[in-house]
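Chain residues, written in single-letter form:
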Amino acid sequence: MNTARFKSLTWKQTNLVVFTALFFAVAIFIIEILIVVTTERQSLLSSQQELLDSVEQPAANAVWALDDNLARQTMEGVMKVEHVGSARITLDDNSLFVNLGSSRPEPSDTFGNLSLKLFGDLKQISRPLQRPFYFEGAQKEQLIGTLTINYDTRELTQTLISQLQFSFAATLARALFLTLVLSIVFHRFLTQPIARISEAIDKIDPESPDENMLPVSANHKDDELGLVTSKFNQILKQFSQTQSKLRKMATRDPLTGLPNRTLLLETIAVAIQRARVHKRNFSLLFIDLDRFKNVNDSLGHAVGDQFLARIARILERVVGDKGTVARLGGDEFVILADEIQSPTQAADFVDKLLIQLNTPVQLNEHAIHPAASIGISIYPEDGLSAEDLIRHADIAMYSAKAAGSNQWAFFKQQMTERAAVRLRTEASLHDAIRNNEFLLHFQPKVNIETGELMGCEALIRWQKDGRLISPMSFIPVAEETGIIIPIGRWVIEQSCRVLRRWQQRYNFSPPIAVNVASQQFADASLVPDIKQMALRYQIRPELLEVEITETSLMNDIELAISKLEQLKSAGFGIAVDDFGTGYSSLSYLRHLPITTMKIDRCFVTDLPQESAIASTILMLGRQLDLKIVAEGIENEQQLEWLKQNHCAIGQGFYFSQPLSLEEFEAKYIAPHNARILKLDGQLS
């Protein structure tokens, strides 16, 4: 791309001043010519009248006396006047009396033409000569002759031009001198400061623009150039401040002020280089706060943010100058411990860290008891890059979390292998959806008093390579990867299809309860999907019961109430599963449009020895007019306690384990249909 050739402002400015000065010099010269010519004409005209007045009387006397000597002397005196070319006296009969000088026409050249234009009308003057009054005492005028004087206007023009040439030269010299002076002044006071500003702009460092401010000349502090320079310096300062803020935003966590992932990776890379040179080890700790979601759900996000900021300060205080604390996001923190080189040192440090973390934190009127799971990776054994060290510490953290709260674990190779298994499981789940490898088993819900079938719960199974895979091995992976949403949609559709099958074959359909995971419940298409499938398979809404976990409800209570109200108004049953195992507030329970509440198996297992929670749930159910289902019933003692405390519906291995569709039909659906047919036959 062609760039325009640089042109100096001084050169442009000088040209402008020169042309302006010349223009005004020429204009002034033209005006001066007009003034001089006008003045010269007036002077010539006046001198001509004076000359005629002075020689009129002597000339008249000479003509009256016919004294040619007197006439000649008078004409010689006229010829001595400046610019007079010739003079003559003619008598009244037009005869020549006296003639002096040459009256030849001027040559037709530049001066001749110019003189004619300027003084053509003044080239010749004449005056009639009258008889003198003192003769014969008569007062009557009598023409006796004519005096004619011719002027050499060419000579007059030359003289005038000579004067004007000098004047023009002087004017031009003044203009050029003024141009030179103005150019020097402009260059000194305008162009040079601008050039210095341009040089200063070239020296500005984009990384730190406020280190090279533009110079402000003392001569321009109070003028436009000084104002522009000051404004530009102000912009540089603001730009530097903005750049610092952007750099901080790019490398710092806005909530805690800790380094973010970007800065952490850079810091780890530097630590790796230093450790490689000095042949040293260092440790990386991946920290995940336990039950932080419950803090957000129960106390609000504002308190949750305060809690995270407080945890950040605790971590910084414990680490001190031994390393760097960073926040990856959410409730995840990473500590780069430069001084911790061995597993023993790391274990001691983590134990002390957990003691500090477990100290209750007071936020407003709330006392929060923090807990954390920590994974540890060590350079270079557990990774040679920053990404590998963070990933392996993360894997170790999940291993620690699986062992319970406030636990820590080192990274081991088998953890990586387990992560690879999870990745393979995720891929296999996608294939399972496409290949229709899932199937449903059904566990009955029975009337505890009579043993009558009240409904069933649909439980998913994965049939792969001729064997059934337990949900415990793939449901957590499905929930973490989001595949649970299409799987849950398949469960709902398959349950609707089974209900339609039972209606058509047996004319009997007990309600089916389907479990909805947290991610599925949060999905916007859940309610439309359920309504559409019920309509497609022509089943009554009350035959399908949606089981929601307590945690799903508390993620967004307002949204949960809205969705549940839509389902309930459409006629679908709504059950709260695992009630009492979470951290929800009981004050929300009365606002939830639910129809059924389930007593979790962990509370049923403790019956009848530990019965407080089960009793409370039963009491709440009666007060809120809800159906209560006790799940996980396995022995007679549990069943008897539930009967005595008026729990209506039970579910568990005591009655039946989950059965395949064919087994469930044969055991519960077909006999019921047979009894109906038998009753119909007896009535007929």
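Residues numbered from 1 in each chain as written. Predicted model: local features only at pLDDT ≥ 70, side-chain atom pairs only at ≥ 80, totals over all residues. Heavy atoms only, no water.

Novice: I tried to follow the sheet that holds strand β10 (residues 372–379) on my own but got confused; where do I start?
Specialist: Strands pair in a sheet through their backbones, by hydrogen bonds, and they do so in one of two ways: parallel or antiparallel. What the five strands build is an open sheet, ordered β6-β7-β5-β10-β11; its pairing is mixed. What marks the edges here is a single partner per strand, and that holds for β6 (323–329) and β11 (408–410). Strand after strand, the sheet turns through a mean of 20 degrees between neighbouring axes, direction not considered. In the sheet, β6 pairs with strand β7 (residues 332–337) via six bridges, with the strands oriented antiparallel. Residue pairing for β7: Val325 is matched across the bridge by Ile335. Lying over the sheet, helix α9 (residues 343–357) contacts β5 (282–289), β7, β10 and β11, oriented at roughly 155 degrees with respect to β10. (Pairing = 2+ DSSP bridges. Helix = DSSP H or I, 4+ residues; strand = E, 2+ residues; numbered from the N terminus. Axes fitted to C-alpha atoms, helices over the stretch in contact; angles between N-to-C directions. Contact = heavy atoms within 4.5 Å.)

Novice: What's the story with the environment of Ala432 in this structure? I'm lost.
Specialist: Here Ala432 lies in helix α11 (residues 413–435). Residue classification places Ala432 among the buried positions, given a relative accessible area of 0%. Along the chain, Ala432 and Lys464 lie 32 residues apart, while their C-alpha atoms are 8.2 Å from each other. With sequence-adjacent residues up to four places away left out, Ala432 is seen in contact with Glu437, Phe438 and Trp462. (Buried < 20%, exposed > 50% of the residue type's maximum accessible area, 1.4 Å probe, protein only.)

Novice: Got a minute to help me understand α9 in this structure?
Specialist: An α-helical turn contains 3.6 residues, so a residue and the one three or four places further along point in the same direction. Over its 15 residues, α9 runs 20 Å from end to end, which matches the ideal 21 Å to within 8%, given 1.5 Å per residue. For α9, the full list of buried residues reads Ala346, Ala347, Phe349, Val350, Leu353, Leu354 and Leu357. Along the axis of α9, the buried positions cluster into a sector of 165 degrees, meaning they face one direction only. Across from the buried face of α9, at angles greater than 90 degrees, the exposed residues are Thr344, Lys352 and Ile355. (Expected span 1.5 Å × (residues − 1). Arc of directions from axis to C-beta.)

Novice: For this particular structure, what's the right way to read the packing of aromatic side chains?
Specialist: The full count for this structure, using the stated rule, is twelve aromatic pairs. Ring plane angle 40 degrees and centroid distance 5.9 Å describe the contact between Phe438 and Phe474, whose orientation is recorded as tilted. One end of the pair, Phe438, is in strand β12 (residues 438–447); the other, Phe474, is in helix α12 (residues 471–481), with 36 residues separating them in the sequence. By relative accessible area, which is 7% here, Phe438 ends up buried. Phe474 sits in the buried class, given a relative accessible area of 0%. The interplanar angle of 50 degrees and the centroid separation of 6.0 Å between the aromatic rings of Phe438 and Trp490 together place this pair among those described as tilted. In this pair, Phe438 sits in strand β12 while Trp490 sits in helix α13 (residues 484–506), placing the two residues 52 residues apart along the sequence. Following the ring pairs from residue to residue traces out a cluster consisting of Phe438, Trp462, Phe474 and Trp490. (Phe/Tyr/Trp six-rings, centres within 6.5 Å; stacked < 30°, edge-to-face > 60°.)

Novice: I keep staring at the pairing of β7 and nothing clicks. Help me out?
Specialist: Side chains on a regular strand alternate between the two faces of the sheet. Counting buried positions over the six residues of β7 gives five, a clear majority of the element. Pairing analysis gives six bridges linking β5 to β7, with the strands arranged antiparallel. Across the sheet, residue Ile287 finds its bridge partner in β7, namely Phe333.

Novice: Got a minute to help me understand the pairing of β5 in this structure?
Specialist: Counting buried positions along β5 yields eight of eight residues, so the element is predominantly enclosed. Where burial is concerned, the two faces of β5 agree: the one with Phe282, Leu284, Phe286 and Asp288 and the one with Ser283, Leu285, Ile287 and Leu289 are both buried. Here eight bridges tie β5 to β10, and the two strands are oriented antiparallel to one another. Bridge pairing links Ile287 to Ile374 in β10.

Novice: Just to check I follow, could you spell out unusual backbone geometry for this structure?
Specialist: For residues besides glycine, phi is generally negative; the peptide bonds are generally trans as well. Looking along the chain, the bond that leaves Tyr379 and enters Pro380 is cis, with omega of 5 degrees. Along the chain, the position of Pro380 falls in the loop between β10 and α10 (386–402). We note that Asn436 has phi near 55 degrees; this positive angle belongs to a residue other than glycine. On the secondary structure map, Asn436 appears in the loop between α11 and β12. For Asn436, a relative accessible area of 54% corresponds to the exposed category.

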